[in-house]
Amino acid sequence: LLLGDIGGIGSAPTTGSGPPLPGTALSGRMTLARSGPVRAALERAAAHAAALVALGAEREAASRGTMKDPDSSAYTFAYFVDVAGREIDKARRHGRRFALATLTIETPGIESAADSVQLAEHVLAAVRDTDVLARVDDREFYLLLPETGGIGAHACRRRVMRHFRQAAPQAQLSIGVSTYPHDGGDLSGLMRVARHRADASRDSVVSRLDLASSSLTDVLERLLGYVIEGTSHGVSPEQPRVLTLPRADIVRLAAGAVNEARRSGSAWAVTTDRPGMNLSSAVRVALGVPSEEARLDCADASLVTEASDIEAFSLITEHGAYSLLGRLRDDVVHGVHTADPLFSDFLVDRLTDLVDTRLWSL
């Protein structure tokens, strides 16, 4: 097209079959003289453009290579740090939230890179397409959850744990989550909190006592024995502690925990339900109007013989979890309470099995 346009420059129009107008011969010679150099220049430009396209393709391929882990569908740690930095900047500018999680595979049988790749695929199957999973080594992964607060991070943790129980029951997984800005304002601080919580989950009584096969009443007896015998020294809020209070005080304690959670953001609760003064009515009042930010699920265990005297309360919030489990005798509740997120999950799952109703459908 360029050659055609240039070739027409200066050429004189003709009228019918008459002779060319003055200047036509000169114009024709100018066109012929220009066509050779112009063609060569265009060929050089085309060759240069092709070289630039090839270089861009190589750079794009190299960039993809640094973004993706060579053995799995996860990203590299370097790319994770880059994306997390951009997410922090965006959150600061626009007042948004996001969450981080560390995942460590504790299963002794994970020996090969192929096993690690398979576990990475299990994690990816349980998270959203917008979440960024990075593989640090064969046993450790980092997960970035954009536009996610504390409740969403807890929900993600539950989904991953549930998926692993179904798809890889032999795998033991430690997960710790942290959220911006509740748990820190920079990447290193958020990662420290997430690692600490992952370490705490590794020491959870759910894992230490292998509670999965125990009934709810057996769980309570084993936890009381665990604490009273001095096995639990209460060095952290994740360790269970004995709780003995009148039922009225237990109700006020649960309502206070919900009020505190609502001041910091969202709160989702599960309680047992029974006639008269009970946990569910107090928590319902403290939560206010039900919404995505304030949810309550109730489990009526009063008709279940093995749990007719059980009082249970589990709460997840923007900044943590809390749960209590006790037995009501002579209007006094004797039991344990803890800030262990795994025990909160466990308690909700056992109540779900007990009343055959899905609670905390996350």
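Everything here concerns the structure above.
Quick summary incoming for the structure in this document. (Residues numbered from 1 in each chain as written. Predicted model: local features only at pLDDT ≥ 70, side-chain atom pairs only at ≥ 80, totals over all residues. Heavy atoms only, no water.)

### A closer look at the sheet that holds strand β7 (residues 294–299)
Here we have six strands laid out as an open sheet, ordered β5-β10-β9-β8-β6-β7, and mixed in their pairing. Each edge of the sheet is formed by a strand with only one pairing partner; in this case those strands are β5 (241–246) and β7. Along the sheet, successive strands turn relative to each other by an average axial angle of 15°, direction set aside. Two strands pair when backbone bridges link them, and strand β6 (residues 267–272) and β7 are joined in this way by six bridges, in the parallel orientation. Following the sheet pairing, Ala267 is matched in β7 by Ala294. Taken strand by strand, helix α5 (residues 150–167) contacts β6, β8 (310–317) and β9 (320–329), and its axis lies near 115° from that of β8. (Pairing = 2+ DSSP bridges. Helix = DSSP H or I, 4+ residues; strand = E, 2+ residues; numbered from the N terminus. Axes fitted to C-alpha atoms, helices over the stretch in contact; angles between N-to-C directions. Contact = heavy atoms within 4.5 Å.)

### A closer look at helix α8 (residues 216–228)
In this model, α8 (13 residues) spans 18 Å end to end at C-alpha, consistent with the 18 Å of a helix rising 1.5 Å per residue. Taken residue by residue, α8 has Leu216, Thr217, Val219, Leu220, Leu223, Leu224, Tyr226 and Val227 as its buried positions. Where α8 is buried, its residues touch α7 (205–208), β5, β8, β9, β10 (332–338) and α11 (341–355). (Expected span 1.5 Å × (residues − 1). Buried < 20%, exposed > 50% of the residue type's maximum accessible area, 1.4 Å probe, protein only.)

### Some details on the packing of aromatic side chains
According to the stated counting rule, one finds six aromatic pairs in the structure shown. Their ring planes at 50° and their centres at 5.6 Å tell us that Phe80 and Tyr142 sit as a pair that is tilted. Here Tyr142 lies in strand β3 (residues 140–146) and Phe80 lies in helix α3 (residues 77–94), a separation of 62 residues in the sequence. In this pair, the class of Phe80 matches that of Tyr142, namely buried. Just above the ring of Tyr75 sits the side chain of Lys68; from NZ or CZ to the centre is 4.1 Å. (Phe/Tyr/Trp six-rings, centres within 6.5 Å; stacked < 30°, edge-to-face > 60°. Lys NZ or Arg CZ within 6 Å of the ring centre and 35° of its normal.)

Without other data, these values stay purely geometric and don't point to any function.
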